[in-house]
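Spelled out from the first residue to the last, the chains are:
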Amino acid sequence: MSRDSEYTLNIPALHETVDDVLGWPESWETLCLRRGQRLVGAGRGQTTRDGS
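Every value quoted in this text rests on a predicted model; they were computed, and no experiment measured them. (Residues numbered from 1 in each chain as written. Predicted model: local features only at pLDDT ≥ 70, side-chain atom pairs only at ≥ 80, totals over all residues. Heavy atoms only, no water.)

1. Overview of the overall build of the chain
The line we're drawing: Only DSSP runs of H or I with at least four residues qualify as helices, and only runs of E with at least two residues qualify as strands; both kinds are numbered from the N terminus onward. The cut-offs for exposure are 20% and 50% of the maximum accessible area for each residue type, with area from a 1.4 Å probe on protein chains only; residues under the lower value are buried, those over the upper are exposed, and the others partly exposed.
Assigned secondary structure in the chain consists of one helix and two strands. What you see in the chain, going N to C, is helices and strands ordered as α-β-β. Sorting the 52 residues of the chain into buried and exposed places 2% on the buried side.

2. Notes on the pairing of strand S1 (residues 29-35)
So the rule is basically this: Whether two strands pair depends on DSSP finding at least two bridges between them.
By the criterion of burial, S1 is predominantly exposed, with just zero of the seven residues buried. Sheet topology note: the S1/strand S2 (residues 38-45) ladder contains seven bridges and is antiparallel. If you follow leucine 31 over to S2, its bridge partner there is glycine 43. Here S1 hands over to S2 after two residues, with glycine 36 in that stretch at a positive phi of 65 degrees.

3. Brief notes about the environment of cysteine 32
Put simply, the test is: Contact criterion: two residues are considered in contact whenever any of their non-hydrogen atoms come within 4.5 Å of each other.
With respect to the element layout, cysteine 32 can be found in strand S1. In this structure cysteine 32 comes out as exposed when scored by relative accessible area, which is 54%. Each C-alpha atom of the pair cysteine 32 and glycine 43 lies 6.5 Å from the other, and the pair is eleven residues apart in sequence. With near-sequence residues (within four places) excluded, cysteine 32 lies in contact with Leu39, Gly41 and Ala42.

See the structure below:
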């Protein structure tokens, strides 16, 4: 293994249904970053019961 292959940003795609994705705004804080019409990135998060 080369030294460069130890560091990667390759993250496998999520496998969620369209219904799951459409439900995100109801149960997650969802943020999208766009440049013009192009989606650059998206993220989501939610607090846990203990507030973390």
